[in-house]
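Listed here are the chains, written in short residue letters.
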Amino acid sequence: MPGGRPRGFDAEAALDRALEVFWRQGYEGTSLADLTAAMGINKPSLYAAFGNKEELFARALDRYLTGPGAFAAEALEAPTAREIVERMVYGAIELVAGEGAVGGCLSVGGLHACGPDAEPVRREVAARRRAGDLALARRLEEVGDLPSGRAPTDLVRLVTTLADGFAVQARAGHDRESMRRTAAMVLASLGW
């Protein structure tokens, strides 16, 4: 005989709604009341299905990286360094300023959480970003057709700096087209 009552809500849909709230409001700006209201569940159901707020954020971050942020992993499949970098940069712009975008980046916002209770979240986001940077550097090294005098780690820092900057610009209300012009100017300076 199975234990407990069956769940009265769609956990996947609730997780999507939690992701939206964290993305819009940030980790620290999101209360449990915000989450339960958006998810359509009560606190005991949230805890039973997702654990505490920190654990829910980690699951929302997983969803973000395989959903809206999946362009980054997909960009690594491009055949040339130029295409990889372009897909990463333009994908970041679409993420933060494209049609239906929330504005800003969940990952960048997670790094900016500043209270002591947010330290585990900052560490988690930073670790995932390091893993992504390492994967990008390895892939750039693998394709090997880098601009003259550029190391893979230099290009990783460029991509990260641009993507993070675009996330901040989106939060400040800058539009997609202005970001695309900036990206084109920076990428042209690489001499590809």
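Structure first, text after, so check above.
Conventions adopted
- Residues numbered from 1 in each chain as written.
- Predicted model: local features only at pLDDT ≥ 70, side-chain atom pairs only at ≥ 80, totals over all residues.
- Heavy atoms only, no water.
- Phe/Tyr/Trp six-rings, centres within 6.5 Å; stacked < 30°, edge-to-face > 60°.
- Helix = DSSP H or I, 4+ residues; strand = E, 2+ residues; numbered from the N terminus.
- Buried < 20%, exposed > 50% of the residue type's maximum accessible area, 1.4 Å probe, protein only.
- Lys NZ or Arg CZ within 6 Å of the ring centre and 35° of its normal.
- Salt bridge = Lys/Arg side-chain N within 4 Å of Asp/Glu carboxyl O.

Caption draft 1: Spotlight on the packing of aromatic side chains. Scanning the entire structure with this criterion turns up four aromatic pairs. Here Phe22 and Phe57 contribute two aromatic rings whose centre-to-centre distance is 5.0 Å and whose plane-to-plane angle is 85°, an arrangement assigned as edge-to-face. Taken together, the positions of Phe22 in helix 1 (residues 11-25) and Phe57 in helix 4 (residues 53-66) put the pair 35 residues apart, joining distant regions of the chain. A relative accessible area of 1% places Phe22 in the buried class. Relative accessible area serves as the criterion here: at 2%, Phe57 is assigned to the buried category. When the ring of Tyr27 is compared with that of Phe57, the centres are 5.3 Å apart and the planes differ by 80°; the resulting orientation is edge-to-face. A residue pair is termed long-range when its members are at least 10 positions apart, and Tyr27 in the loop between helix 1 and helix 2 (32-39) and Phe57 in helix 4 qualify at 30 residues. According to the relative accessible area criterion, Tyr27 is buried, its value standing at 8%. Over the face of the ring belonging to Tyr27 we find Lys53, whose NZ or CZ atom lies 4.4 Å from the ring centre.

Caption draft 2: Molecular detail of the pattern of salt bridges. Inspection of every chain in the model, using the stated rule, returns 13 salt bridges. Arg63 is paired through a salt bridge with Glu12; the nearest N and O atoms lie 2.8 Å apart. Taken together, the residues Arg63 in helix 4 and Glu12 in helix 1 connect sequence positions 51 residues apart. On the basis of relative accessible area, Arg63 is assigned to the partly exposed category, the value being 21%. The exposure class of Glu12 is partly exposed, given its relative accessible area of 40%. Three or more residues joined by partner-sharing salt bridges are found here, namely Glu12, Asp16 and Arg63.

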